[in-house]
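Now for the letters of each chain:
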Amino acid sequence: MSASIETLVNKEYQYGFVTDIESDTIPVGLTEETVRLISAKKQEPQWLLDWRLKAFRRWLTMTEPSWPNVKYTKVDYQAQTYYSAPKSVKPLQSLDEVDPELLRTYEKLGISLTEQKRLSGVAVDAIFDSVSVGTTMKDELKKAGVVFCSFGEAVHEHPDLIQKYLGSVVPYSDNFFAALNSAVFSDGSFVFVPKGVKCPLELSTYFRINAAETGQFERTLIVAEEGASVSYLEGCTAPKRSTNQLHAAVVELIALDDATIKYSTVQNWYAGDADGVGGIYNFVTKRGKAMARAKISWTQVETGSAITWKYPSVILQGDDSTGEFYSVAVVNNHQQADTGTKMIHIGRNTKSTIISKGISAGHGQNSYRGQVKVLPKAEGARNYTQCDSMLIGNKCGAHTFPYIEVANDSATLEHEASTSKIGEDQIFYCKQRGLNTEHAISLIVAGFCKEVFKELPMEFALEAQQLLGISLEGSVG
Amino acid sequence: MLRISDLHASAGDKPILKGISLDVRAGEVHAIMGPNGSGKSTLAQIIAGHPGYEVTSGSISYEGEDLLDLDAEERAQRGVFLAFQYPVEIPGVTNAYFLRAAYNEIRKAHGEEEVDPIEFLDLVEEKLKLVDMDPAMLHRSVNAGFSGGEKKRNEILQMAVLAPKLAVLDETDSGLDIDALRIVANGVNALKRPTNATVVVTHYQRLLDYIIPDHVHVLAGGRIIRSGGKELAHELEAKGYDWLLEPAGVGA
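Given the structure is predicted, the values throughout are model-derived calculations rather than measurements. (Residues numbered from 1 in each chain as written. Chains lettered and ligands numbered in written order. Predicted model: local features only at pLDDT ≥ 70, side-chain atom pairs only at ≥ 80, totals over all residues. Heavy atoms only, no water.)

Examining the overall build of chain A
Line of reasoning, step 1. The number of helices and strands found in chain A is 12 helices and 24 strands.
Line of reasoning, step 2. Split into buried and exposed, the 477 residues of chain A put 63% on the buried side. (Helix = DSSP H or I, 4+ residues; strand = E, 2+ residues; numbered from the N terminus. Buried < 20%, exposed > 50% of the residue type's maximum accessible area, 1.4 Å probe, protein only.)

Observations concerning the overall build of chain B
Line of reasoning, step 1. Helix and strand counts for chain B stand at eight helices and 12 strands.
Line of reasoning, step 2. Its C-alpha radius of gyration of 18 Å places chain B within 12% of the 18 Å reference for a compact globule of 252 residues.
Line of reasoning, step 3. Seen along its three principal axes, the alpha-carbon backbone of chain B occupies a region of about 60 × 40 × 35 Å.
Line of reasoning, step 4. Within chain B, buried positions represent 53% of all 252 residues.
Line of reasoning, step 5. Sequence-distant contacts, at least 24 apart, represent 68% of the contacts inside chain B between residues at least 6 apart.
Line of reasoning, step 6. Accessible area for chain B stands at about 10,900 Å²; split by element, carbon and sulfur atoms hold 47% of it.
Line of reasoning, step 7. Charge-centre separation for chain B: the mean point of 25 positive side chains lies 4 Å from the mean point of 38 negative side chains. (Rg over C-alpha atoms; globule rule 2.2 N^0.38 Å. Contact = heavy atoms within 4.5 Å. Areas by Shrake-Rupley, 256 points an atom, 1.4 Å probe, with all protein chains shown as cover. Lys, Arg positive; Asp, Glu negative; His and termini not counted. Charge placed at Lys NZ, Arg CZ, Asp CG, Glu CD.)

Thoughts on the interface of chain A and chain B
Line of reasoning, step 1. Listed as interface residues are 20 residues of chain A and, on the opposing side, 33 residues of chain B.
Line of reasoning, step 2. Between chain A and chain B, roughly 2,100 Å² of surface is buried when both sides are summed, and carbon and sulfur atoms account for 65% of that area.
Line of reasoning, step 3. In this structure, K431 of chain A and E73 of chain B form a salt bridge, with 3.2 Å as the shortest nitrogen-oxygen distance.
Line of reasoning, step 4. Looking at the side of chain A that touches chain B, the elements that each hand over two or more residues are α10 (424-432) and α11 (437-453) of chain A.
Line of reasoning, step 5. Among the elements that line the side of chain A that touches chain B, the one with the most residues is α10 of chain A, at eight residues.
Line of reasoning, step 6. Tallied by class, residues from the side of chain A that touches chain B come to seven nonpolar, eight polar and five charged. (Buried area = accessible area lost by both parts, 1.4 Å probe. Salt bridge = Lys/Arg side-chain N within 4 Å of Asp/Glu carboxyl O. Nonpolar A, V, L, I, M, F, W, Y, C, P; charged D, E, K, R; others polar.)

Focus on the sheet that holds strand β1 (residues 2-11) of chain B
All names here are of chain B.
Line of reasoning, step 1. Judged by pairing direction, the sheet is antiparallel, and its four strands sit side by side in the order β2-β1-β4-β5 without closing on themselves. In the strand order of this sheet, the two ends are held by β2 (14-24) and β5 (65-66), each with one partner.
Line of reasoning, step 2. Alignment of β1 against strand β4 (residues 54-62), held across seven bridges, turns out to be antiparallel. Opposite H8, over in β4, you have S57 as the bridge partner. (Pairing = 2+ DSSP bridges.)

Re the pattern of salt bridges
Line of reasoning, step 1. Considering all chains together, one arrives at 30 salt bridges over all chains under this definition.
Line of reasoning, step 2. Ionic pairing is found between K108 of chain B and E105 of chain B, a salt bridge with its closest N-O pair at 3.5 Å. With K108 of chain B and E105 of chain B both in helix α3 (residues 95-109), this residue pair falls three residues apart, about one helical turn.
Line of reasoning, step 3. Given the relative accessible area of 42%, K108 of chain B is considered partly exposed.
Line of reasoning, step 4. A single salt-bridge network, built from bridges that share partners, covers E32, E33, R36 and R57 of chain A.

Observations regarding the packing of helix α2 (residues 32-41) of chain A against helix α3 (residues 46-60) of chain A
All names here are of chain A.
Line of reasoning, step 1. Between α2 and α3, whose axes approach to 10 Å, the crossing angle comes to 155 degrees. For the element pair α2 / α3, the angle class is roughly antiparallel. Crossing of α2 against α3: the hand is right-handed. In contact with E32, V35, R36, I38 and S39 of α2, α3 contributes L49, R52, L53, F56 and R57.
Line of reasoning, step 2. Taken together, the residues of the contact of α2 with α3 break down into five nonpolar, one polar and four charged. (Axes fitted to C-alpha atoms, helices over the stretch in contact; angles between N-to-C directions. Parallel < 35°, antiparallel > 145°, perpendicular 65-115°, else oblique. Left-handed = near helix turned anticlockwise from the far one by under 90°.)

Some details on the pairing of strand β17 (residues 322-331) of chain A
Where a strand is regular, its side chains alternate between the two sheet faces.
All names here are of chain A.
Line of reasoning, step 1. Extensive coverage of β17 is indicated by the burial of 10 of its 10 residues.
Line of reasoning, step 2. Burial of the side chains of β17 extends over both faces: T322, E324, Y326, V328 and V330 are buried on one face and G323, F325, S327, A329 and V331 on the other.
Line of reasoning, step 3. Where β17 meets strand β19 (residues 351-360), 10 bridges bridge the pair, whose relative direction is parallel. By the bridge assignment for β19, F325 is matched with I354.

Quick look at the side chain of N383 of chain A
All names here are of chain A.
Line of reasoning, step 1. Tracing the backbone shows N383 in strand β21 (residues 382-391).
Line of reasoning, step 2. You can call N383 buried: its relative accessible area is 5%.
Line of reasoning, step 3. Within the structure, the side chain of N383 is placed 2.7 Å from the side chain of T385, a separation counted as a polar contact. (Polar contact = N/O pair within 3.5 Å; in protein donor to acceptor, adjacent residues only side chain to side chain.)

Let's talk about the packing of aromatic side chains
Where two aromatic rings form a pair, the distance of their centres and the angle of their planes describe that pair.
Line of reasoning, step 1. By the definition in use, this model includes 24 aromatic pairs over all chains.
Line of reasoning, step 2. Members of the aromatic cluster, joined through ring pairs, are F56, W59, W67, Y72, Y77, F176, F177, Y281, F283, W309 and Y311 of chain A.
Line of reasoning, step 3. Between K74 of chain A and the ring centre of Y72 of chain A, over which it is positioned, the NZ or CZ distance is 4.2 Å.
Line of reasoning, step 4. The side chain of K239 of chain B reaches across the aromatic face of W243 of chain B, ending 4.1 Å from its centre. (Phe/Tyr/Trp six-rings, centres within 6.5 Å; stacked < 30°, edge-to-face > 60°. Lys NZ or Arg CZ within 6 Å of the ring centre and 35° of its normal.)

Description of unusual backbone geometry
Line of reasoning, step 1. At S305 of chain A, a residue that is not glycine, the phi angle is positive and equals roughly 70 degrees.
Line of reasoning, step 2. As for its position among the elements, S305 of chain A is in the loop between β14 (295-302) and β15 (307-310).

Considerations on the nonpolar core
Line of reasoning, step 1. One finds I359 and V445 of chain A to be the most contacted residues of the largest nonpolar core, which totals 112 residues.
Line of reasoning, step 2. Among residues more than four places away in sequence, those in contact with V445 of chain A are I359, M390, I392, I422, L468 and L472 of chain A. (Core = buried A, V, L, I, M, F, W, Y, C linked by side-chain atoms within 4.5 Å.)

Observations regarding the sheet that holds strand β10 (residues 197-202) of chain B
All names here are of chain B.
Line of reasoning, step 1. Ordered in space as β6-β9-β10-β3-β11-β12, the six strands form an open sheet in which the pairing is mixed. Taken across any chain shown, the strands that pair with only one partner, and hence form the sheet edges, are β6 (80-83) and β12 (223-228). Neighbouring strand axes in the sheet, compared pairwise and without regard to direction, differ in orientation by 20 degrees on average.
Line of reasoning, step 2. Where β6 lies against strand β9 (residues 166-170), four bridges are found, and the strand directions are parallel. From the neighbouring strand, V80 faces β9, where its bridge partner is L166.

So, the confidence of the model for chain A
Residues and elements named next belong to chain A.
Line of reasoning, step 1. Mean pLDDT over chain A stands at 83; residues scoring 70 or higher make up 77%.
Line of reasoning, step 2. Summarising per-element confidence for chain A, the mean pLDDT is lowest in helix α1 (residues 3-8) (40) and highest in strand β16 (residues 313-316) (98).
Line of reasoning, step 3. Low pLDDT (under 50) marks residues 115-120, which in the prediction has nine contacts with non-local residues, meaning those over four places away or in another chain. (pLDDT = per-residue confidence, 0-100.)

Description of a negative patch on the surface
Residue and element names in this part refer to chain B.
Line of reasoning, step 1. Side chains of D116, E119, D122 and E125 sit close together on the surface and give a patch of like negative charge.
Line of reasoning, step 2. Take D116: it is sitting in the loop between α3 and α4 (117-130).
Line of reasoning, step 3. Given the relative accessible area of 36%, D116 is considered partly exposed. (Patch = residues over 30% accessible without salt bridge, like charges linked within 9 Å, V, L, I, M, F, W, Y side chains within 5 Å.)

Written out as structure tokens, the structure is:
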């Protein structure tokens, strides 16, 4: 590979700064006491503590999954801190009370928590380490009847909804990381869109890990009632640190009859340095349940993290429900990703679409792992899967693991897969037309990812495209 | 405009060009002809800056600058254009987007403002007529699924939009039927100016019925073995290459 590709994949991570802020951090280690302490700090009701404890006890009996196609030093769960909060965060009445240092952090990340966001029609919830530091545009949302707040706040203000839906799609016993999250989750976001309401704004949550040796375990719960619709975006960054940090989130989506939930992720956690030192372990469980005629759409652009393990899935419970998964996953240097989706067809005439674009550069290893399961009653189910891999350089890898189980003869499934290499010819062609190598690669890669980018909300499509350019910088030689 | 002096170049360990010298002045059309494997396309690629070849000795100067010192994109920005023998496909990137990106890079390099998509569309639509291309082609991915003739026409469209000073056409006639050939040639002729120059690389004489060269050079075995006026092309058409190759000591 020529020198140009290699330089392109190696640009500095620009979000790698640390904010100097006083934190309330609990001692390292994980015992039942830790769980109780977190729950007490959040002044949670008894039922939630009980749920956490059940999750914790279950977790103790589980083992970390070894089937993903990734290699890493196992996490020492007793060496982690499970709760860290910026000290000044008491229940806030308005954003004016947020520590200015935090606001500056978010400004640096390009996210304004102050009212500027009003113009762009996006409401933002910011999660700093373990807690939400502020949600913008609450009043506008309230008028429409939409609830968008931190998870902690929702536990106190909407306990019935939380109790009804928490763990209803991802039970605490689901898997090792989901159980861990259920035991120790510290905050997250909650969205509730009532019957018939179209959420008037894009909702966005911004996750930031700041403290060292601290895991981030947030939960997101989104409920769209009958006929409601909402579009939600999450973004993630973290400082550069030489140790690995754990991020084990759980996201649950519930789309009742005729509801639509569109969930987009731009994940740019610190990926570790060029030698593979440091970076975030991103072990995430995301799943949605779609009732009759409902639609759940996952779009993800994954460029960060040292290790990614995530399979945003849809349970197509109701008849005529739709599930979609659009994914761009980029690995560079020593990053490893094992990502894909599960589409579980239960209802009749359920439809699912999977478009996965994997880009591997440097020594990166990228695996697509996807399951399409058609249950006996899913008459007329349809799935279309397209799984494309692009290789940049010759030290990286792309792997595809499709699992297809069909128990109904009337189902129609299509699976297409391709692997291509960014050719020197393509780059030379672009250069001959006046584009430099970086521009050429970002153009070729953007073309490759086009079907996914067009699914992103407009404001974020451009950001995602730029992010992709940055994470591939130095990859072409 | 372009001066090539005693150029030697190889691909890997294999020497391909063995001492080429060529002078191209503004306003001129040069044809480089020769049998397959003579090094014609290599010469075209080296002028454009393809990284796959190594220049082992000799020099190329372009408008007083050492061309070999410049990256491919810098050459393009200074007005060197190569119409590819095999235009490359870029799936997912529309022709219009690609062309505008290229156009703006070249403008930026000259310290000019970038143009927005709407202004650009006006400019392109006019150029489309030159190569008789359907505007719908602008919204298809670059060369993806194009027929051979469409790809070649697309190259000339790019040339028309980017308005190079030195255009090198590498086997632009290959794979074209007679109608397409005429369209492509008319496009090239319409772009001819006293301030720019064209180098046409071709195996056959037929393109030169439409694009009339001022100078014809025969390349064989990595050397220019004969130069002449446009009548040399006709002579080659009548007699083939062999009569030139043997006295030059080059096996056919």
